[in-house]
Amino acid sequence: MKETPPLAVASLVLLALSLASGLVAVSAAGAVGSVSTITVGTAPTALVYDQGTGYVYAANSNSSSVSVINGTSVVATVGVGSDPSALAYDPANGFVYVSNTNSSTVSVISGTAVVGTVSVGAGPTSLVYDPVNSYVYVSDTNVRGEGNLLDNVTVIQGTGVVSTIGVGSLPSSLAFDPSNDYVYVAIGGSGTVVEIAGTSIEATTKGFSSPGALLYDPVNGALYVSNLGSGVVSEVFGSALTANITVGVDPAALAFDPANNYVYVVNYDGSSLSVISGAAVTANVTLGLFPSALVYGASDQRVYVANANFAATAGTVWAVSGTAVAGNLTAGIEPKPLGQQHMVYDPSNGDVYVANVLSGSILALQTGPPTSSTSTTTTTSTSSTTTASTTTSTSTKTTQTTTATTSTRTTTSTASSSSFTASASSSTTPSTSTSSSTTTSTSAPSTSTPTRQSSSVTTGSGGPPPTVSPGQTPSRTDVVIVGALAVVGVLLIGAAVVVRRGK
């Protein structure tokens, strides 16, 4: 028997390694701009990222469930209460909290199982996590007037209620301010914002018109409040309203861009995006009809905006870099997001997720390489449906035993051929402002009414995507390299065969 030439052996080894590496890279990170559609439950309305597991959780408001997503696959469906409408992640214990609006409960999920059900006030909606006290705050809005129940904020720790705080009529959005350890609550009925420290009300700020979305800016230490009734975003330091910034019609959602230190606001009925720096509008960017949700993607340092135009035959996701539209994505009739929590960025794989309410699906857009050390390999598999028995917990901490019934359901993940195209239709026009210069703070304030330290801000383009550090998911460049190695291996094998036959 003739021996195989050493060159051929080496080539086979190289080919095997190259192909193996290529398969891992392809499964871990898709091409930039690739789109996948993930089938979940009925009417997904909120998303949250779990940094411990790398999962994305989707609350399905009309199917009383939460879908657990790993990459582009649903790995579990967890039964919760009626009308799950908001989510929050607690890194202290790895729990995901789900507000069940029609059940007046909050479900506590660990991984893919419910570990507790907490009774709260009527109509729980928004949630926020306070890392200082390891509390989760829930705004209870009794919009249906059930009995004599009052609107309040329920404070949860673990799986038990710590306190119930009366805040006024129609509490909605919540935000945490680490500079003074405040939790802010937008009170729609009185046009105020309530500041809570721990379990006590510290102050109430007046002067808002239908306050909605809240956002804390970690650079200048300000809280931004969208006023749906006046087309204004208010700037608040501590408990002092320091500025009213005119934006577009119906400012609906807010996001912070750490690359440029900008605050972005989508103007739902204004078909635009306002870019705020400090207390002034830097630019207004024209978008499609009814922009309703947005998120910052750290992979490419862009802000992604989705429209909720239900009359359109095609949905649009816009990519904005600094103050200019960098491109847009047409994705069939999707997306149709409706609010603040309908988009989320996953740093473990560089994907931006959009909740598509009408179709019961999640749009996953690959924006670039991961930006965290946590990376997960996505595999196509069937998803397990977990139906958890629920019990009502009292104000003391309890541990619930969960009985899970497992079944299998095939998850459809459809890749779309849509890609980003450059758009020249954006209109970037500086708005008039009473402020003579754009300023921002160089450090977070330490008092309840801080003074901003000014420094000049330049409009940036967002910069190049960050490089991938060792141990992170390979990027598209890695896939090209290993593919080239595979081709070289095949050529070497062919040369070896020719040499062998010549002998």
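No experiment lies behind these values; they were computed from the predicted model shown.

1. Side note on the overall build of the protein chain
Okay, so step 1: Of regular secondary structure, the protein chain possesses two helices and 36 strands.
Okay, so step 2: In the protein chain, buried positions account for 53% of the 503 residues.
Okay, so step 3: Summarising the internal contacts of the protein chain: among those between residues at least 6 apart in sequence, 51% fall at separations of at least 24.

2. A look at the sheet that holds strand β6 (residues 84–90)
Okay, so step 1: One open sheet holds the four strands; their spatial order is β6-β7-β8-β9, and the pairing between them is antiparallel. Of all the strands in the sheet, the pair left with one neighbour each is β6 and β9 (113–119). Each adjacent strand pair in this sheet contributes to an overall mean axis angle of 25°, direction not counted.

3. What to know about the pairing of strand β28 (residues 316–321)
Every other side chain in a regular strand lies on the same face of the sheet, so the side chains alternate between the two faces.
Okay, so step 1: Of all six residues in β28, six are buried; the element is thus mostly enclosed.
Okay, so step 2: In β28, alternate side chains face the same way, and those of T316, W318 and V320 on one face and V317, A319 and S321 on the other are all buried.

4. Focus: the nonpolar core
Okay, so step 1: Formed by 16 residues in total, the largest nonpolar core has its most connected members in Y264, L273, L287, L294 and V305.
Okay, so step 2: Among the secondary structure elements, those contributing two or more residues to this core are β22 (251–257), β23 (262–267), β24 (272–277), β26 (291–297), β27 (302–307) and β28.
Okay, so step 3: Setting aside residues up to four positions removed in sequence, V305 forms contacts with V266, L273, L287, P291, A293, L294, T316, V317 and W318.

5. A look at the confidence of the model for the protein chain
Okay, so step 1: Averaged over every residue, the pLDDT of the protein chain is 74; residues scoring 70 or more account for 63%.
Okay, so step 2: Note that pLDDT drops below 50 for residues 374–419; the model gives that stretch 106 contacts with residues more than four away or on any other chain.
Okay, so step 3: Contacts for the low-pLDDT stretch residues 421–485, under 50 throughout, to residues beyond four places or in other chains number 132 contacts.

6. Thoughts on the environment of A253
Okay, so step 1: Structurally, A253 is set in strand β22.
Okay, so step 2: Given a relative accessible area of 0%, A253 falls into the buried group.

7. Quick look at unusual backbone geometry
Okay, so step 1: Phi angles above zero are rare outside glycine, and A43 is one such case at about 55°.
Okay, so step 2: Relative to the elements of secondary structure, A43 occurs in the loop between β1 (35–39) and β2 (44–49).
Okay, so step 3: On the accessibility criterion, A43 (7% relative accessible area) is buried.
Okay, so step 4: With a phi close to 60°, L170 is a non-glycine residue in the positive phi region.
Okay, so step 5: Among the secondary structure elements, L170 is positioned in the loop between β13 (160–166) and β14 (171–177).
Okay, so step 6: Overall, the relative accessible area of 36% leaves L170 in the partly exposed class.

8. Points about the sheet that holds strand β18 (residues 211–217)
Okay, so step 1: In spatial order, the strands read β18-β19-β20-β21; together these four strands make up an open sheet with antiparallel pairing. Since the sheet does not close on itself, it has two edges, and those belong to β18 and β21 (240–246), each with one partner. Each adjacent strand pair in this sheet contributes to an overall mean axis angle of 25°, direction not counted.
Okay, so step 2: Where β18 meets strand β19 (residues 222–227), five bridges bridge the pair, whose relative direction is antiparallel. When the sheet's bridge partners are listed, P211 is paired in β19 with N227.

9. Some words on the packing of aromatic side chains
Okay, so step 1: Applying the stated criterion to the full structure yields six aromatic pairs.
Okay, so step 2: On the basis of an interplanar angle of 65° and a centroid distance of 6.4 Å, the ring pair of Y55 and Y57 is categorised as edge-to-face.
Okay, so step 3: For Y57, a relative accessible area of 0% corresponds to the buried category.
Okay, so step 4: Ring centres 6.3 Å apart and planes at 70° place the aromatic pair F95 and Y97 in the edge-to-face group.
Okay, so step 5: Overall, the relative accessible area of 15% leaves F95 in the buried class.
Okay, so step 6: Looking at Y97, the relative accessible area reads 0%, which means it is buried.

The rules behind the values
Residues numbered from 1 in each chain as written. Predicted model: local features only at pLDDT ≥ 70, side-chain atom pairs only at ≥ 80, totals over all residues. Heavy atoms only, no water. Helix = DSSP H or I, 4+ residues; strand = E, 2+ residues; numbered from the N terminus. Buried < 20%, exposed > 50% of the residue type's maximum accessible area, 1.4 Å probe, protein only. Contact = heavy atoms within 4.5 Å. Pairing = 2+ DSSP bridges. Axes fitted to C-alpha atoms, helices over the stretch in contact; angles between N-to-C directions. Core = buried A, V, L, I, M, F, W, Y, C linked by side-chain atoms within 4.5 Å. pLDDT = per-residue confidence, 0-100. Phe/Tyr/Trp six-rings, centres within 6.5 Å; stacked < 30°, edge-to-face > 60°.

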